[in-house]
Every structure is written in structure tokens, then in C-alpha cells.
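Here are the chains, one letter per residue:
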Protein chains: 2
Amino acid sequence: MIKIVLLGAGNLAYHLTKCLLNKNDLEVVQVYNRSLEKINYLKSKTAITNNLLALKEADIYIIAISDNAIFELSKKLILKNKLVVHTSGGVDMKELHSISNKGVFYPLQTFSKDKDIDFLKVPICIEASNKKDLDLLENLAKSISNNVYNINSEQRKSLHVSAVFVNNFVNHLYAIGNEICAKNNIPFEILLPIIKETAKKIETLSPFEAQTGPAKRNDSITIAEHLAILNNKQQEIYTLLTKSIQETYGKKL
Amino acid sequence: MIKIVLLGAGNLAYHLTKCLLNKNDLEVVQVYNRSLEKINYLKSKTAITNNLLALKEADIYIIAISDNAIFELSKKLILKNKLVVHTSGGVDMKELHSISNKGVFYPLQTFSKDKDIDFLKVPICIEASNKKDLDLLENLAKSISNNVYNINSEQRKSLHVSAVFVNNFVNHLYAIGNEICAKNNIPFEILLPIIKETAKKIETLSPFEAQTGPAKRNDSITIAEHLAILNNKQQEIYTLLTKSIQETYGKKL
């Protein structure tokens, strides 16, 4: 039985707490948050606190808070010989700097409060400063997910940038598609099947092979027609991504 | 029974022919292609030809060829009082210029030869120059798909640009994610669950609401760290999309 204290109440903390509470081989002994109000709903399921000096004994302390608060919080923790991990893709393990046994437990997924997540399919990227802690983290990760990876801090940073491209930036392109549809009284739902298929295609083809469209075909007439109906911001993005695709496939604008 | 002649042998033509041949209420009476070799595999299922003057009688002639060849091919067709449609998102209906009864039958999906498509879920955007032809096209569209939309040429052009953003450009961002992973010996498969979830999220949230990440949070430290590990091309795209997200949510770099 792995005993866990979870610190935080954001989107990831919310879903992770929910998931951990449901596992028989894990015990969430306490949840900490700066404001008790946000974790009050957990009162019937585990101990809650807003006092860092009142943290309970546990095997793993999981800091699931925003990136820029990790360093400050970790400085305040007085935990000797206890494994403390953060859950961030963008933060180096070393930022847990006053902690002797440190690690990272990074679930690579996008979390919204209102949308349930099946953790079994969430890739968990783990890192620790020694073999014993890594084994413990691996046990924890494998008890909630089927996809566990050993990823060091440098790799994790690259992975995090990649995720910005394939998640945050992709979503912004969806938003631009939505914007263009709305302006022309076209229901955005028409685009949902192609969005789904585009994401699915790369399960069997590499994105390099899956590329299609006017930029790849070097179809300058269509590209000019498209640019003519876009606003400035959209034109700038269209032009840059078209150029990048053309360069990737060895053609020039 | 709607009789159809299909012209073309590209990815869309391939999948559309296959789909139409399987419907009991439709009859593919002939498939035309410039080169017979590419449609030879259809010989046992329907008549094939490479001679535009030998086209059979049908109710609808579907031109499923590349955008820039539609105009030239339509000029060569000698079909009086027959409905002729093209299947392109980017081409105006008027480009079928010597045709009296013209229309558009645009399946909004990405087609790869090696990947099967369930047409029932493919949105079909139809347009015709008169009510009778529109009804005929609607019958055809509804016999293969559950999602049929009346979309005029101007709207279709906007839809096509939107599709470039949410499909072609999105796939290019996947390719960049893949590139970054490969360079750092990270298996790209780690990103597949977040890619899928990002595409799925907007079925219940608008892309505007679904936005997350350092740009939205205005997290300048993470943004700087990300830029530091990207190459020039990646930096340019990262910077522009970050700026665009920040402007969308009312923040400045």
C-alpha cells in the first residue's frame, strides 16, 4: 500500500486525486491546498489541510500546482527522507531544490475540470534521483496507467515543447477554423469529422507521410485565393505554416 | 435508382467509387480516367473508359479530379441536360462553365489511399444551380452519408480554408512535434493520447474555451525556455502562434 499526500487543487490535482482515491493499492492520506475551500469537497474521503507544517506521514508527496509556484512551495516543505515529486512537464527536477529525495511524475495529458479522463491511457513520465525512488514511482504510475515512461528532465522539456505544438497550438488552429466558420455562418460541427480523422491518421501514418493540402501540392492559385479571404492575423499564420510545409517537402513559395 | 458516371482515380475518387458501388439504390454505370491502368481494377464491377466521347447515359456525372484540371475537363464534356458536379472544396461551381446543369458534391474529409473511410460520418456539402438538381444531389448524398449540408460556393471557400487550418496545418504541427521528439530520442507515441484528447475536447467545449498552455497563461519563463531549445523554423512558428493566442485572450507578449 503506497501512502500519498497530494498538494494542489488545480485541474490536474483534481483529476489525479479522484483517480488515486479510487485505487485499492493506494492510499491518499491527505490533500493540502493553500485555500481549504477548494478541497472541502474531499473532506469525507481523506484528511485535508492548508497547513504545510501539518502534513501527514506518507511514502510520496505529489506537488500538483502551477509551474512557477513549485520552487517556493518545495522550499517550505520539511520532509526528511521522503520522496517528493512534482507533476510538471516544463520544470526541472532540480527545482525541488531543498528536497533530498526528489522526482517527477508527469502525466502527459490536457486536463479540464469538466471533462473526465481515463488515466489508464494517460502516459506517465517518471524521473527520480535514485533507483529506489524510481521503483516506487514506477509502482505508483503503473497502478494508474498502462503507459509509463522513464524520461529525464532534458527530454521532458523537449516533450513539453512538443506537447505545446500538438495540443496548445493545434487547439488555437481549431479556434481559427471556428472563427472563419462563424464569420461565414457555417456550423463548426462540419469540421469535427476531419479534425478527428487528422488526429487518427497519424496512429498509422507518420505526420510526414500524412501531409496533404495546397501547401504540400504547391498549389499557388488556391493559396492566393485563401489568403484573399483571411484577416491579417490569419494571413500571417497561413503564410508561415504554408512556407514551413513547402520547405519541409522541398518546394519554395 | 440513381445512375452515376464517376470521373477520376485519385484518393477521393478511389474511396467514393468504392462507397458508391456498395449501395443498392445507386448504380455506378461507368468510371472514366485519362489512364485506364489506374481504373483497371474496377473492370469486373463496372464499365471503364478513357474516352470522354464514350461516356454512358447517367443521372449524375461526378468529376473527382485535382482542382486545377476541373475547368479543362468540363470544357470537353458534351452532356446536354445532365447534372455534372465536381467534388472540390476550393473550386467555384461556375468553373464547370460550359455545363448547363452544374453542382458541387464536396465530401469534407481527408482521404489517403491506404486508409478506409466510413462515408456515413463524412459531411457532404452540396450545391446546385436549380432546385431539381439540388434534390437529386441531396438524394445521392443522403444515401451515403448522415451529414449533408447545403453550402454555397462562397461559404465552401471559407470552409475549405478552415479545413486547411484544422487539417493540413494541424498535421504540420504534429510533424514538428514528431521532429522534436525524434531529435531527443523520445517515442512520438507518447504524444498520441494528448493529440486524440485535444481533438475530442472540442466536441464538448468550444476551441476558445478549451485553450490551455503557457501562451494562454502568459507564462513568459516557460515560453523563453521553450524557444531556447527550438531551431529557427520552430521558433518562428512558436513565436507567431504564441502571440496570436495571447492577443486572442487579451494579453501582450
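What counts, and at which threshold
- Residues numbered from 1 in each chain as written.
- Chains lettered and ligands numbered in written order.
- Predicted model: local features only at pLDDT ≥ 70, side-chain atom pairs only at ≥ 80, totals over all residues.
- Heavy atoms only, no water.
- Pairing = 2+ DSSP bridges.
- Helix = DSSP H or I, 4+ residues; strand = E, 2+ residues; numbered from the N terminus.
- Axes fitted to C-alpha atoms, helices over the stretch in contact; angles between N-to-C directions.
- Contact = heavy atoms within 4.5 Å.
- Salt bridge = Lys/Arg side-chain N within 4 Å of Asp/Glu carboxyl O.
- Buried < 20%, exposed > 50% of the residue type's maximum accessible area, 1.4 Å probe, protein only.
- Least-squares fit on C-alpha atoms with pLDDT ≥ 70 in both.
- Buried area = accessible area lost by both parts, 1.4 Å probe.
- Nonpolar A, V, L, I, M, F, W, Y, C, P; charged D, E, K, R; others polar.
- Phe/Tyr/Trp six-rings, centres within 6.5 Å; stacked < 30°, edge-to-face > 60°.
- Lys NZ or Arg CZ within 6 Å of the ring centre and 35° of its normal.
- Expected span 1.5 Å × (residues − 1).
- Bend = angle between axes of the 7 residues up to and from the residue.
- Polar contact = N/O pair within 3.5 Å; in protein donor to acceptor, adjacent residues only side chain to side chain.

Student: Run through the sheet that holds strand E1 (residues 2-7) of chain B, naming residues and quoting values.
Tutor: All names here are of chain B. Taken together, 8 strands build an open sheet; the order of strands is E3-E2-E1-E4-E5-E6-E7-E8 and the sheet is mixed. The open sheet is flanked by strand E3 (47-49) and strand E8 (148-150), the only strands paired with a single partner. Taking the axes of each pair of neighbouring strands and ignoring which way they run, one obtains an average angle of 25° across the sheet. Sheet analysis places strand E7 (residues 124-128) next to E8, joined by 3 bridges and oriented parallel. Considered in E8, the bridge of Ile126 is made with Asn150. Sheet strands touched by helix H3 (residues 131-144): E1, strand E2 (26-32), strand E4 (60-63), strand E5 (83-86), strand E6 (101-107), E7 and E8. Its angle to E7, the strand with the most contacts, is close to 165°.

Student: Explain the pattern of salt bridges to me, and be specific about the residues and the numbers.
Tutor: Residue and element names in this part refer to chain B. Scanning all chains against the criterion turns up 24 salt bridges over all chains. Notably, a salt bridge pairs Glu57 with Lys82, separated by 2.9 Å at the nearest N-O pair. Taken together, the residues span a long stretch of sequence, with Glu57 in the loop between E3 and E4 and Lys82 in the loop between helix H2 (70-76) and E5 at a distance of 25 residues. Residue classification places Lys82 among the buried positions, given a relative accessible area of 18%. For Lys131, the salt bridge goes to Asp135, with nearest N and O atoms at 2.9 Å. Highlighted residues: Lys131 and Asp135, both in helix H3, separated by 4 residues, approximately one helical turn.

Student: Lay out the relation of the copies chain A and chain B in plain terms, naming residues and giving numbers.
Tutor: When chain A is brought onto chain B, the operation consists of a screw motion whose angular component is 180° and whose axial shift is 0.0 Å, with 0.1 Å RMSD remaining. The transformation just described matches what one would write down for a two-fold rotation axis. Of the C-alpha atoms belonging to chain A, the one lying closest to the rotation axis is found on Val170 of chain A, 2.8 Å away.

Student: Outline the interface of chain A and chain B, listing residues and values.
Tutor: Taken residue by residue, the interface counts 85 residues in chain A and 87 residues in chain B. Counting the surface lost from both chain A and chain B, the interface buries some 8300 Å², and carbon and sulfur atoms represent 68% of this. Connecting chain A to chain B are 8 salt bridges. Across the salt bridge formed by Glu225 of chain A and Lys157 of chain B, the nearest N and O atoms sit 3.9 Å from each other. Listing elements by their share of the side of chain A that touches chain B, those giving two or more residues are helix H4 (153-183), helix H5 (192-201), helix H6 (207-210), helix H7 (214-217), helix H8 (220-228) and helix H9 (232-248) of chain A. With 25 residues, H4 of chain A is the single largest residue contributor to the side of chain A that touches chain B. Of the residues belonging to the side of chain A that touches chain B, the class tally is 43 nonpolar, 28 polar and 14 charged.

Student: Could you give an account of the packing of aromatic side chains, with specific residues and numbers?
Tutor: Aromatic ring pairs: the centre-centre distance and the angle between the two ring planes describe each pair. Enumeration over the complete set of coordinates arrives at 12 aromatic pairs over all chains. Each ring, one from Phe208 of chain A and one from Tyr249 of chain A, has its centre 4.7 Å from the other, and the planes form 25°; the classification is stacked. A residue pair is termed long-range when its members are at least 10 positions apart, and Phe208 of chain A in helix H6 and Tyr249 of chain A in the segment after H9 qualify at 41 residues. You can call Phe208 of chain A partly exposed: its relative accessible area is 46%. What links up through ring pairs into an aromatic cluster is the set Phe165 and Phe169 of chain A together with Tyr238 of chain B. Positioned above the aromatic ring of Tyr249 of chain B is the side chain of Lys216 of chain B, whose terminal nitrogen or guanidinium carbon lies 4.9 Å from the ring centre.

Student: Provide a residue-level description of H4 of chain A, including the pertinent values.
Tutor: Residues and elements named next belong to chain A. With 31 residues, H4 extends 44 Å from end C-alpha to end C-alpha; this agrees with the ideal 45 Å at 1.5 Å per step. Val164 marks where H4 bends most, by close to 30°. Burial within H4 is extensive, with 26 of its 31 residues counted as buried. Its side-chain oxygen 3.2 Å from the backbone nitrogen of Glu154, Asn152 forms the N-cap of H4. After H4 finishes, the residue Asn185 shows a positive phi value of roughly 55°.

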